[in-house]
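Here is what each chain is made of, one letter per residue.
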Amino acid sequence: MSPLGLPLNSNEINDALKKSYWRVNVVEETGSTQTDLSRSVRVGVAKHGDVLATEFQSAGRGRLDRRFEAPPRSSLLFSFFIVPQTKHQEWGWLPLLAGQSAIAAMNKVFGTDISKKLSLKWPNDVLLNEKKVAGILSERVGDGVVIGIGMNVITPREEIGFENATSLWIEGFVLLERERLLIEILKSFSKYLSAWEIDESELVEKYRQASSTIGKRIRIQTPSGRSLEENAVNVDSSGALVLSNGTRVTVGDVIHLHQE
Ligand code: BTN
């Protein structure tokens, strides 16, 4: 059994972020922070920098219409809205920046013990010891993007639905104050976003280094049901995965194949 995480405290979180543009609202329970925040954007209530976090979601959403479920206070569940100052065609990079921010936050909180164990699986899974520890959902809403992150922090093994998923707790990284990760992810994201808006090259290179997909033989399944096996060679300026046969993939599920 794992313990319960300490409750998220919005005063402490906003205090730690007071020099930034983030405004964090915490609710005890909701259907989905992603759905709620998107609705607030559409009705003109939410603005650039608004964040909605919760202790429990009854209808958490994942990519490709999947569900994202976690027991109360076991995971970090939040969505944020941003209006990037770049061309829409480049917004495919935003979930990749969110993945990099999640890695930066875990490095900050746990130090060098964790850094070699973290990587990014295209398009937006954060892996710890090659297993998914966090998922990212990025959706265009209004004139910006709502990005949702679900990170398994203190989730016990029996509550993890998939064999290839894990939590920080399972891998031996114990943290009850989930808000420390929330604060560091938001701090890193705003730093990365402004650097990327000026010149994306450094972050693109950083992403490539953190990617465990680039350089691997992969099987990719597109939402239309098409499946192909190829070598992943790069990620282009729009955030698409480039395969060795020249195909650019913008959406799909990747499986890393182990080479003999
Ligand atoms: C995925 O792995 O497919 C993406 C998962 C994203 C889950 C987060 S949890 C907070 C936010 N609210 C949601 O309903 N989904 C995202």
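Here is what the cut-offs are and how they apply
Residues numbered from 1 in each chain as written. Predicted model: local features only at pLDDT ≥ 70, side-chain atom pairs only at ≥ 80, totals over all residues. Heavy atoms only, no water. 1 Å grid on protein atoms, 1.4 Å probe; cavity = no way out; pocket = protein on both sides within 12 Å on 5 of 7 lines; lining within 4 Å. Points joined across faces, edges and corners; volume = space filled by probe spheres on them. Helix = DSSP H or I, 4+ residues; strand = E, 2+ residues; numbered from the N terminus. Nonpolar A, V, L, I, M, F, W, Y, C, P; charged D, E, K, R; others polar. Domains from an automatic or database assignment. Contact = heavy atoms within 4.5 Å. Buried < 20%, exposed > 50% of the residue type's maximum accessible area, 1.4 Å probe, protein only. Arc of directions from axis to C-beta. Pairing = 2+ DSSP bridges.

**Q** Explain the layout of surface pockets to me, using residue names and the numbers behind them.
**A** Taken as a whole, the largest pocket holds about 1100 Å³ of empty space. Lining the largest pocket are 48 residues, and of these Phe68, Asp125, Lys132, Phe162 and Ala165 lie nearest its centre. When residues of the lining of the largest pocket are traced back to their parent elements, those giving at least two are helix H2 (33-42), strand S3 (75-82), strand S5 (125-128), strand S6 (131-141), strand S7 (144-152) and strand S12 (253-256). Looking at the lining of the largest pocket element by element, the count peaks at seven residues for S6. Here the lining of the largest pocket is composed, by residue class, of 18 nonpolar, 18 polar and twelve charged. Viewed by domain, the lining of the largest pocket spans two of them, domain 1 (10-207) and domain 2 (213-256), each represented by three or more residues.

**Q** Give me the lowdown on the side chain of Glu230, citing residues and values where you can.
**A** Secondary-structure assignment places Glu230 in strand S9 (residues 227-235). Not counting residues up to four positions away in its chain, the partners in contact with Glu230 are Lys216, Arg217, Ile218, Leu243, Ser244 and Asn245.

**Q** Talk me through H2; I want residue IDs and the actual numbers.
**A** For H2, the full list of buried residues reads Thr33, Gln34, Leu37, Ser38 and Val41. Angular distribution of buried residues about the axis of H2 spans 125 degrees; they occupy a single face of the element. In this structure, the buried residues of H2 make contact with strand S2 (50-54), S3, S6 and S7. Phi turns positive, to about 85 degrees, at Gly44, one or two residues after H2.

**Q** Mind laying out the pairing of strand S4 (residues 118-121), listing which residues take part and the relevant values?
**A** Burial of the side chains of S4 extends over both faces: Leu118 and Leu120 are buried on one face and Ser119 and Lys121 on the other. Of the pairings in the sheet, the one linking S4 to S5 comprises four bridges and is antiparallel in character. Residue pairing across strands places Leu118 opposite Leu128, the latter belonging to S5. As consecutive antiparallel partners, S4 and S5 are separated by three residues.

**Q** Please set out the environment of Gly111 residue by residue, giving values where relevant.
**A** If you trace the backbone, Gly111 turns up in the loop between helix H3 (94-110) and helix H4 (112-115). Along the primary structure Gly111 and Ile82 are separated by 29 residues, whereas in three dimensions their C-alpha atoms are 28 Å apart.

Purely geometric stuff here, so don't read any function into it on its own.
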